[in-house]
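Structural description and commentary
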Amino acid sequence: MPIKAVLFDMDGVLYDSMPNHAKAWSTAVTEFGLSMSPHEAYLHEGRTGHGTINILAQRHWGRNATTEEMERIYAAKSALFNTCPEPQPMPGAAQLLQSIRSLGLTIVLVTGSAQHSLLTRLAHDFPGIFSAERMVTAFDVKYGKPNPEPYLMGIEKANAHFRTNNEHIAPITQSNTIIIENAPLGVQAGVASGCFTIAVNTGPLPDSALLDPGANLLFHSMQELADSWEELLNLLNTTTSI
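Residues numbered from 1 in each chain as written. Predicted model: local features only at pLDDT ≥ 70, side-chain atom pairs only at ≥ 80, totals over all residues. Heavy atoms only, no water.

Some remarks on the overall build of the chain
- Per the secondary structure count, the chain includes 11 helices and six strands.
- Looking at the 242 residues of the chain, the share that counts as buried comes to 53%.
- A fraction of 65% describes how many contacts in the chain between residues 6 or more apart in sequence connect residues 24 or more apart.
- Carbon and sulfur atoms form 54% of the exposed surface of the chain, whose accessible area is close to 10,500 Å². (Helix = DSSP H or I, 4+ residues; strand = E, 2+ residues; numbered from the N terminus. Buried < 20%, exposed > 50% of the residue type's maximum accessible area, 1.4 Å probe, protein only. Contact = heavy atoms within 4.5 Å. Areas by Shrake-Rupley, 256 points an atom, 1.4 Å probe, with all protein chains shown as cover.)

Considering the pairing of strand E1 (residues 5-8)
- Burial along E1 is two-sided: the face carrying Ala5 and Leu7 and the face carrying Val6 and Phe8 are both buried.
- As judged from the four bridges shared by E1 and strand E2 (residues 106-110), these two strands associate in the parallel manner. Looking across to E2, one finds that phenylalanine 8 is bridged to leucine 109.
- Examined bridge by bridge, E1 and strand E4 (residues 177-181) share four bridges and lie parallel to one another. Following the sheet pairing, leucine 7 is matched in E4 by isoleucine 179. (Pairing = 2+ DSSP bridges.)

Side note on the sheet that holds E4
- Read from one edge of the open sheet, six strands run E3-E2-E1-E4-E5-E6, paired in parallel fashion. Each edge of the sheet is formed by a strand with only one pairing partner; in this case those strands are strand E3 (135-136) and strand E6 (217-219).
- Against the sheet, helix H5 (residues 93-102) makes contact with E1, E2 and E4, and its axis sits at roughly 155 degrees relative to E1, the strand it touches most. (Axes fitted to C-alpha atoms, helices over the stretch in contact; angles between N-to-C directions.)

Examining the pattern of salt bridges
- Per the stated rule, a full pass over the model turns up five salt bridges.
- As a salt-bridge pair, arginine 63 and glutamate 69 come within 2.9 Å of each other at their nearest N and O atoms.
- Between glutamate 181 and lysine 145 there is a salt bridge, and its shortest N-O distance comes to 2.7 Å. With glutamate 181 in strand E4 and lysine 145 in the loop between E3 and helix H8 (149-165), the pair connects residues that are 36 residues apart, well separated along the chain.
- Under the relative-accessibility criterion, glutamate 181 is labelled buried at 1%.
- A relative accessible area of 1% means that lysine 145 is categorised as buried.
- Three or more residues are tied together by salt bridges with common partners; here these are Asp9, Lys145 and Glu181. (Salt bridge = Lys/Arg side-chain N within 4 Å of Asp/Glu carboxyl O.)

Describing the packing of helix H1 (residues 18-28) against helix H4 (residues 67-83)
- Where H1 meets H4, the axes come as close as 8 Å, and the angle between the chain directions of the two elements is 135 degrees. Classed by the angle they form, the pair H1 and H4 counts as oblique. For the pair H1 and H4, the sense of crossing is right-handed. Across the interface between the two elements, Asn20, His21, Ala24, Trp25, Thr27 and Ala28 from H1 touch Tyr74, Ala76, Lys77, Leu80 and Phe81 from H4. (Parallel < 35°, antiparallel > 145°, perpendicular 65-115°, else oblique. Left-handed = near helix turned anticlockwise from the far one by under 90°.)

What to know about unusual backbone geometry
- For the bond running from lysine 145 to proline 146, omega is 15 degrees, close enough to zero to count as cis.
- Here proline 146 lies in the loop between E3 and H8.

With respect to helix H3 (residues 49-61)
- Relative to the 18 Å expected for 13 residues at 1.5 Å per residue, H3 spans 17 Å between its end C-alpha atoms, a close match to the ideal helical length.
- Turning to H3, its buried residues number three or more, namely Gly49, Thr52, Ile53, Asn54, Leu56 and Ala57.
- Buried residues belonging to H3 abut H1, helix H2 (38-44) and H4.
- Immediately beyond the C-terminal end of H3, within one or two residues, lies glycine 62, with a positive phi of roughly 70 degrees. (Expected span 1.5 Å × (residues − 1).)

What about H1?
- Of all 11 residues that make up H1, eight are buried, and the element is covered over most of its length.
- Residues Met18, Asn20, His21, Ala22, Ala24, Trp25, Ser26 and Ala28 constitute the buried set of H1.
- Lining the buried residues of H1 we find H2, H3, H4 and helix H6 (116-119).

Overview of the packing of H5 against helix H11 (residues 222-237)
- One way to put it is that H5 packs onto H11 with a least axis distance of 8 Å and a crossing angle of 30 degrees. It follows that H5 is roughly parallel to H11 by the angle criterion. Crossing geometry of H5 relative to H11 is assigned as left-handed. Between H5 and H11, the residues in contact are Ala93, Gln95, Leu96, Ser99 and Ile100 and Met222, Gln223, Leu225, Ala226, Asp227 and Trp229, respectively.
- Classifying every residue of the contact of H5 with H11 gives seven nonpolar, three polar and one charged. (Nonpolar A, V, L, I, M, F, W, Y, C, P; charged D, E, K, R; others polar.)

Take a look at the structure:
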């Protein structure tokens, strides 16, 4: 079926923000007797903050973190993140978003982040692209990535937006949706949702970390994907099954 929707992760896809997240996580958790290397932060990317904290608590404390502990730790991490240099939009991201919008495709943000400082910048950095009703964040989900829940919710939001203007046209489903991710857990979630999943390796992990979970295609920058988008979309739209 012709592609109708594209779901975007945020950190490492729209913003070059993962180095800041990795630094903030690895520094903040030490205040609470936990430890996480910057490299490990990339492996947890896409998971909700509370989910990441619980994994660390189980490893170091032998128990789940309480809600109060999770909120305190995440607040400390967020405060450190906000002291880092402001992350810039990923080169090629705006070009790709404009290309997708010009074709009339539905765009939805699907992120495990609860980082207000980035979420509030979307309207400024990518004007006219994202709106609250077409965003899935850590505030919306119960399980988070690698569970497919966030992307299935993203498809629902994409379809709700699409159907208001295309009442008599076939709906948006997994078969006509593309997911763009940069994290192993995000790729797992995308593949589990049943969507065609594109990995963009913008971090320090090897390509295998994104291909082994099942990414259908891999690019090494958002600019490379943006430059290849028209050819890629034509290929997918003329393929009988994706």
